[in-house]
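Now for the letters of each chain:
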Amino acid sequence: MNVHDKDESHSNDGAVPVRAGIEILSEQTSIGQRVILKGWIRSLRTSRAGIAFLHISDGSCLQPVQAIIDENVQNYSEILNLSTGTAVSVLGEVVESLGKGQDREIRADKVEIVGTIEKPESYPVAKKKHSFEYLRTVAHLRPRTNTFGAIARLRHNLAMAVHEFFSERGFVWVNTPIITGSDCEGAGDLFRVSALDLANFPGYDQDFFGRETFLSVSGQLNVEAFCLALSKVYTFGPTFRAENSNTARHLAEFWMIEPEIAFADLNDNADLAEDFLKSVLTKVVEKSADDLSFFQQRIDDQVMSRIDGVMNNSFIRMDYTDAIRELKNSKQSFEFPVEWGNDLQSEHEKYLTKIYNSPVIVMNYPESIKAFYMRLNDDQKTVAAMDVLVPGVGEIIGGSQREERFAVLDSRMDETVKEELWWYLALRQYGSVPHAGFGVGFERLLMYLTGMQNIRDVIPFPRTPSNASF
């Protein structure tokens, strides 16, 4: 909430500071100060002494502010009939509280009813426990609940921490295209973009861009072009996958953080990834202590121990080959077979972090299971790829050193890819240097921070198969 010198709607009461709830509760506002708090009623209760207690939230923090309303307030009887969700503006004095749960409250002189609930009995987020599944059906109102208000604030603080991390280290933020003519990963799960009537489709040469185009699955390839000019860059924006998956870990629209560094190898990339995770988590813990405490108490009691494990442990680094050997020598029974040449599954990744009780960076994967742009190692069998694994989740970052040699990259691209990505290959002919980067799914990182089990609950308006209502 913005802080102003006066509020025009209460001009008859003099110049009254407007304070956000977080300022009142964090002692930025002194006892005896007159304030105006604007927000929504979380709950209302009355006492036999003719006093009403309004709990009001303006969304600036987790805890609502309590306002004491007595019979001297002009519209006292009308206030008693207000319901959860009603928007109000309360003018009063900050006083010490005798109740539990807060050390200060507002003694109200005036309550203005700004917005009422037309049918309180059918208000979709009335004061009771709702399942997360139900709240997804009322995504326009779920930010009013404690959980989703906390997620929104945490999401903001995490995004700011990401930008601060890169800015402090001299990175340039590059906005890569949302509309693209290529499939970065070659997976084929793409949303097509067209301005034509598909019922009478004349061909892509008649379309807006004169060719087939898609929503981007990654900004990596485009940001590499800027890396080879500005040295340290990153992109942070929406990406899209048309994978018809209804799991708790998949979205059709999500956000990706993708840095890229020039004159760097895989070890430099691993250093950056470790520094990134430790730094952004530290900043978020500093700025979101109350909200993280909420998730620790209400969602997952391992939240803070997981975060501490990343912030305070050195990351273990091991080759994929050594990881396979470790898994084979274990007495653990796995659902998926452990064989050199197979990708690691979530159960394997979780096991590795559990036995080391630390984040693990697995490096140098088989060439056959990784993308064409990853640098081929001297053994001709592996590429300079890495996955950062964290306890309880498994992979949270994936990256690689990029193939900077023209001839090698050319040999690993099929003809279709060469035609689509001619410019990407051409970069290797114009002052190419070793460079590396990684990708972090923003929502996956939020799941790790909060303990939320469904990715649909850490993005404001989830886009999934058969779901784009809001």
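Everything quoted here is computed from the prediction, not taken from an experiment.

Parameters at a glance
Residues numbered from 1 in each chain as written. Predicted model: local features only at pLDDT ≥ 70, side-chain atom pairs only at ≥ 80, totals over all residues. Heavy atoms only, no water. 1 Å grid on protein atoms, 1.4 Å probe; cavity = no way out; pocket = protein on both sides within 12 Å on 5 of 7 lines; lining within 4 Å. Points joined across faces, edges and corners; volume = space filled by probe spheres on them. Nonpolar A, V, L, I, M, F, W, Y, C, P; charged D, E, K, R; others polar. Helix = DSSP H or I, 4+ residues; strand = E, 2+ residues; numbered from the N terminus. Buried < 20%, exposed > 50% of the residue type's maximum accessible area, 1.4 Å probe, protein only. Salt bridge = Lys/Arg side-chain N within 4 Å of Asp/Glu carboxyl O. Pairing = 2+ DSSP bridges. Axes fitted to C-alpha atoms, helices over the stretch in contact; angles between N-to-C directions. Core = buried A, V, L, I, M, F, W, Y, C linked by side-chain atoms within 4.5 Å. Contact = heavy atoms within 4.5 Å.

Asks: How do you make sense of empty space enclosed by the protein when you look at a structure like this?
Replies: Over the atoms a probe the size of a water molecule is rolled, and this reveals where empty space is left. For the structure on display, the rule yields two cavities of 30 Å³ or more. Taken as a whole, the largest cavity spans an internal volume of roughly 40 Å³. Taken together, Arg 136, Ala 139, Phe 461, Pro 462, Arg 463, Asn 467, Ser 469 and Phe 470 form the lining of the largest cavity. Roughly 30 Å³ of internal volume is contained in the second largest cavity. Lining the second largest cavity are Gly 21, Ile 56, Ser 57, Asp 58, Gly 59, Ser 60, Cys 61, Gln 63, Pro 64 and Val 65. Taken together, the residues of the lining of the second largest cavity sort by class into four nonpolar, five polar and one charged.

Asks: What should I look at first to understand unusual backbone geometry in this one?
Replies: The bulk of non-glycine residues show a negative phi, and the bulk of peptide bonds are trans. In this structure, Glu 27 is a non-glycine residue whose phi angle is positive, near 70°. Positionally, Glu 27 belongs in the loop between helix H1 (21–25) and strand E1 (34–46). On the basis of relative accessible area, Glu 27 is assigned to the exposed category, the value being 52%.

Asks: Got a minute to help me understand the pattern of salt bridges in this structure?
Replies: A side chain of one charge can pair with a side chain of the opposite charge when the charged atoms of the two come close. Inspection of the entire model under this criterion finds 28 salt bridges. Here Glu 224 ties to Arg 428 by a salt bridge, and the two come within 3.1 Å at their closest N and O atoms. Note that Glu 224 is positioned in helix H5 (residues 220–230) and Arg 428 in the loop between helix H13 (422–426) and strand E16 (435–441), a separation of 204 residues in sequence. Each member of the pair Glu 224 and Arg 428 is classed as buried. Close ionic contact of Arg 317 with Asp 271 constitutes a salt bridge, the shortest N to O distance being 2.4 Å. Of the two residues, Arg 317 sits in strand E12 (residues 316–319) while Asp 271 sits in helix H6 (residues 266–287), which places them 46 residues apart along the sequence.

Asks: Looking at this model, I keep getting lost on the sheet that holds strand E14 (residues 382–390). Mind explaining?
Replies: Strand pairs in the sheet, formed through backbone hydrogen bonds, run parallel or antiparallel to each other. Strand order in this open sheet of eight strands is E6-E10-E11-E16-E15-E14-E13-E12, and the pairing throughout is mixed. Among the strands making up the open sheet, the edge pair consists of strand E6 (172–173) and E12. Where E14 lies against strand E15 (residues 394–401), six bridges are found, and the strand directions are antiparallel. Within E15, the residue paired with Leu 389 across the bridge is Glu 395.

Asks: Would you mind showing me how to read the sheet that holds strand E4 (residues 87–96) here?
Replies: Strand order in the closed barrel made by the five strands is E1-E2-E3-E5-E4, with mixed pairing throughout. Here the average twist between neighbouring strands, direction ignored, is 55°. Relative to strand E5 (residues 104–115), E4 is paired through ten bridges, and the arrangement is antiparallel. When the bridges of E5 are listed, Glu 93 appears paired with Arg 107.

Asks: Where do I start with the nonpolar core in this structure?
Replies: Soluble globular proteins: nonpolar side chains tend toward being buried together. Ranked by size, the top nonpolar core spans 64 residues in total, and within it Phe 276, Leu 277, Met 386, Val 388 and Ile 397 carry the most contacts. Sort the elements by how many residues they give to this core and helix H4 (residues 146–168) lands first, with ten residues. In contact with Val 388, other than residues within four places in its own chain, are Ala 273, Leu 277, Phe 315, Val 360, Ile 361, Gly 394, Glu 395, Ile 396 and Ile 397. Phe 334, Ala 385, Leu 409 and Met 413 belong to the second largest nonpolar core, which has 29 residues in total.

Asks: Explain the pairing of E14 to me, please; I cannot follow it from the model alone.
Replies: On a regular strand, each side chain points to the face opposite its neighbour's, so the side chains alternate between the two faces of the sheet. The buried count for E14 comes to nine of nine residues, which makes it a mostly enclosed element. As paired strands, strand E13 (residues 360–366) and E14 are joined by six bridges and run antiparallel to one another. Residue pairing across strands places Pro 366 opposite Thr 382, the latter belonging to E14. Counting the residues in the hairpin turn of E14 and E15 gives three residues, including Gly 392, whose phi is positive at 85°.

By themselves, these are just geometric observations and shouldn't be taken as functional.
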